[in-house]
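# Secondary and tertiary structure notes
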Amino acid sequence: MPFVFQKNCVKKKLCFKKRLKLTAMQEKYDYIIIGAGSAGCVLANRLSEDPNNKVLLVEAGGPDKNRYIHIPAGCAKLHKTEVDWGFETEPQEHILNRKLYLPRGKTLGGCSSTNYMAYVRGNKEDYNDWAALGNEGWTYEEVLPYFKKSEHNEDIKNDYHEQGGPLNVGFSKTFNTPYGQIFIDACKEAGFKENKDYNGAEQAGAGFFQNTIKKGKRDSAAVAFLNPVKNRKNLTILTHTLTKKVIIENEVAVGIEILKGSNSEVIRCNQEVIISAGSFNSPQILMLSGIGDKAELQEHGIDCIKELPGVGKNLQDHLMYFLGGSTKKQDAQNHHLTIPNQVLDLANYMLRKKGALTMGPLESVAFGSTELSPNRVDYQFHFAALNMGENSESDLYDINTLPTTDGVSVLPTLLRPKSRGYVKLRSNKVQDKVIIQPNFLEAEEDRKVLLEAGKKAIEILKTKAFSEVIDKHYQPITNYSDEALTQHFLENIETVFHPVGTCKMGQDDMAVVDERLRVKGIANLRVIDASIMPQIVSGNTNAPTIMIGEKGAAMILQDAQSTTTKEEATADLLTDLNTLRLTNKEKMNRED
Ligand SMILES: Cc1cc2nc3c(=O)[nH]c(=O)nc-3n(C[C@H](O)[C@H](O)[C@H](O)COP(=O)(O)OP(=O)(O)OC[C@H]3O[C@@H](n4cnc5c(N)ncnc54)[C@H](O)[C@@H]3O)c2cc1C
């Protein structure tokens, strides 16, 4: 049942809620944003800053009330729940035909409410590459101000960081195991340099993760960008509301059709519709609206309004697997999984906002290069002081299957995959999840990077720093062969939940949006979320998506300003012409 969250209406009576709900449907908005995820929340905040803009934010999921959202360690308990879309891939030919699970947040905040809270911007060259593809305005130098605009960095004060923005970023001060530092020491032993700010001057090296956590609580995009402004009179938030399609008349977006129970309703807008439904659902909404590959749309009986064959194509994601072992001491994270320890941790959390619950599983990180890319990082190590189990019996998405004896894991992660996949409609119904075919590891180079990164991870796990604390290395670490390591990663590999690229920005025939994120050939329609990345960034994707939201909002406001100015200029010109005409007439009359 759709529920309107506006002007403190939660506290009011149901009949008042119903009245507001009707009002929301009947209103005409300036901007309609589809999807309250990382990008959507930023857009809702920035576009409603001007009280003259009437903004509607439409979210398929509910309010972010699940308590595990806000307790950082609770992220492990959100998989396959009501706040997760729970997608999965088609069988992956190059990964033993496995279907990989793809979690996606379905609540206010989207994935930023369910993610692991690592704050990573990627590599400067990622953005310079986007600009080199013809996307003016997207060099690193040009996007940096938008990263900084969002940020309140608790710890780092330099040219790359900012204080005072809505999104809290910082190192963990409330919980650390000894292994975060041991991992950094081990990396140094294996030839990495220490890097205290991988979001700064240089990305390569090993250091502690920066996190989007504030005083022991998750700082999602909803908490940081939506909560402080949700009572603005010009902002309406509809939750539990699925957008079916965008209404397009004469190649202009004029509103959206939403699903309310089994009934459809139309909401209209004056200015722009912005799709921010994430990399799987944004292309779905475009296709259901008649924008995409003509033949594919026809297969589902959808009239093609605008042929854009790139919609849903160019899907890219990061992949990771784990290597590790058990530790001699019980001072990592697994022993916190026992019931008595969970009770103690909860008490510590409730009373002091301290302890194991104030952190996600990720403690430290390293970025490195294989010989395939000597001058630019091509892999990442996520490090967790967590024993992922010995025999592939643990399900990473069900913490009840993890051992309760402590251990550590290094997760080699493919950062710049060459394989490309696609998202396709399963049917012409928005309720039917799209078909997701990432073609993981189709490119030989992707396997090589994973193998080389795995070998380096093994070297790290065998350093003096780790040897002193590890009790037993799990296979295939001791006397491994390339074949054994490859088999291990094929059996265990998972995505890092960073799908991007399915509505790519660019100038070529497969581009879906231009450099101002406007859908090609349709006026008043933009896509603003992770799906617009032409190439995946070399790092976790939440911070880059928030930056895209910031830059997208700024472009919308600039364009509205210049349209107003153009309209004003035309009006001025017409007045001038009329005056001139009158003066000429008067002159002629006088001459007569
Ligand atoms: C489990 C997990 C862990 C992750 N860990 C990290 C991490 O530690 N660090 C990091 O940087 N990144 C991480 N990520 C990735 C990062 O969070 C995402 O890349 C980013 O949040 C994507 O933002 P988005 O705005 O593109 O989409 P989303 O945040 O997915 O937002 C899309 C929103 O649109 C809504 N929606 C979809 N369809 C419709 C519709 N038809 N009608 C109305 N609403 C709709 C969705 O419910 C959702 O709220 C993780 C992701 C996951 C899932």
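The rules we used
- Residues numbered from 1 in each chain as written.
- Predicted model: local features only at pLDDT ≥ 70, side-chain atom pairs only at ≥ 80, totals over all residues.
- Helix = DSSP H or I, 4+ residues; strand = E, 2+ residues; numbered from the N terminus.
- Rg over C-alpha atoms; globule rule 2.2 N^0.38 Å.
- Buried ≥ 20, exposed ≤ 12 C-beta atoms within 10 Å, placed from the backbone.
- Contact = placed C-beta atoms within 7 Å.
- Arc of directions from axis to C-beta.
- Core = buried A, V, L, I, M, F, W, Y, C linked by C-beta atoms within 7 Å.
- Domains from an automatic or database assignment.
- Nonpolar A, V, L, I, M, F, W, Y, C, P; charged D, E, K, R; others polar.
- pLDDT = per-residue confidence, 0-100.
- Near = placed C-beta within 6 Å.
- Pairing = 2+ DSSP bridges.
- Axes fitted to C-alpha atoms, helices over the stretch in contact; angles between N-to-C directions.
- Parallel < 35°, antiparallel > 145°, perpendicular 65-115°, else oblique.

## With respect to the overall build of the protein
Looking only at helices and strands, one finds 14 helices and 27 strands in the protein. In terms of overall dimensions, the protein is globule-like: its C-alpha atoms have a radius of gyration of 25 Å, near the 25 Å expected for 592 residues. Its C-alpha atoms give the protein principal-axis dimensions of about 105 × 55 × 50 Å. Buried residues in the protein amount to 52% of all 592 residues. A separation of at least 24 residues holds for 70% of the contacts in the protein among residues at least 6 apart in sequence.

## A few points about helix α4 (residues 124-132)
Turning to α4, its buried residues number three or more, namely Asp-126, Tyr-127 and Trp-130. Buried residues of α4 fall within an arc of 90° about the axis and therefore sit on the same side. In this structure, the buried side of α4 is in contact with α5 (140-150). Among the residues trailing α4, Gly-134 stands out with phi positive, at a value near 105°.

## Quick look at the nonpolar core
Across soluble globular proteins, nonpolar side chains show a tendency to be buried alongside one another. Ile-32, Ile-33 and Ala-44 are the most contacted members of the largest nonpolar core, which totals 159 residues. Discounting chain neighbours no more than four positions away, the residues touching Ala-44 are Ile-33, Ala-36, Val-55, Leu-57, Leu-226 and Leu-235.

## Structural notes on the domain arrangement of the protein
If you check the domain split of the protein, you get domain 1 (1-165 + 217-316 + 418-441 + 496-592) and domain 2 (173-208 + 319-416 + 443-492). Between the C-alpha centres of domain 1 and domain 2 the distance comes to 33 Å. Residue-level contacts link 27 residues of domain 1 with 29 residues of domain 2. Of the residues belonging to the side of domain 1 that touches domain 2, the class tally is 17 nonpolar, six polar and four charged.

## Quick notes on the confidence of the model for the protein
For the protein, the average pLDDT comes to 92, and 91% of its residues sit at 70 or higher. In the predicted structure, residues 1-20 sits below a pLDDT of 50 and forms 31 contacts with residues beyond four places in sequence or in another chain. Below pLDDT 50 for its whole length, residues 586-592 participates in zero contacts with residues either more than four positions away or in separate chains.

## Notes on α5
Turning to α5, its buried residues are Val-143, Tyr-146, Phe-147, Lys-149 and Ser-150. End-on, the buried residues of α5 take up no more than an arc of 160°, which puts them together on one face.

## Focus: the site of the ligand
Surrounding the ligand, one finds 41 residues, the nearest of these being Gly-35, Gly-37, Gly-110, Asn-540 and Asn-542. For the shell around the ligand, the elements supplying multiple residues, two or more each, are α2 (38-47), β12 (242-249), α8 (278-288) and α14 (542-591). The class makeup of the residues in the shell around the ligand is 18 nonpolar, 19 polar and four charged.

## Focus on the environment of Asp-395
Within the element layout of this structure, Asp-395 appears in the loop between β21 (379-384) and β22 (407-414). The sequence separation of Asp-395 and Ser-562 amounts to 167 residues, and the corresponding C-alpha distance is 53 Å.

## Digging into unusual backbone geometry
Omega for the bond connecting Gln-475 with Pro-476 falls within 30 degrees of zero, at 10°, which places this linkage in the cis form. On the secondary structure map, Pro-476 appears in the loop between β25 (470-473) and α13 (482-492). Its identity as a non-glycine residue notwithstanding, Phe-497 has a phi of 65°, on the positive side. Tracing the backbone through its elements, the reader meets Phe-497 in the loop between β26 (494-495) and β27 (525-527).

## Observations regarding the sheet that holds strand β23 (residues 421-424)
Reading across from one edge, β17-β23-β24 is the order of the three strands in this open sheet, with antiparallel pairing throughout. This sheet does not close on itself; its edge strands, each paired only once, are β17 (313-315) and β24 (435-437). With direction set aside, neighbouring strand axes in the sheet form an average angle of 35°. As paired strands, β17 and β23 are joined by two bridges and run antiparallel to one another. Bridging across to β23, Lys-313 finds its partner in Tyr-422.

## Here's the deal with the environment of Asn-314
Relative to the helices and strands, Asn-314 is located in strand β17. C-alpha separation for the pair Asn-314 and Arg-518, spaced 204 residues apart in sequence, amounts to 18 Å. Residues within four places of Asn-314 in sequence aside, it is in contact with Arg-420, Gly-501, Thr-502, Lys-504 and Met-510.

## A word on the environment of Ala-190
When you line up the elements, Ala-190 lands in the loop between α6 (179-189) and β8 (205-208). Considered as a pair, Ala-190 and Lys-456 are 266 residues apart in the sequence and their alpha carbons are 8.0 Å apart. Leaving out residues up to four positions away in the same chain, Ala-190 has contacts with Lys-456, Glu-459, Ile-460 and Thr-463.

## Here's the deal with the packing of helix α11 (residues 444-461) against α13
Look at α11 against α13: their axes get within 10 Å of each other, and the N-to-C directions meet at 105°. In terms of orientation, α11 lies roughly perpendicular with respect to α13. Contacts between α11 and α13 pair Leu-450, Leu-451 and Gly-454 from the former with Asp-482, Leu-485, Thr-486 and Phe-489 from the latter. For the contact of α11 with α13, the residue count by class is four nonpolar, two polar and one charged.

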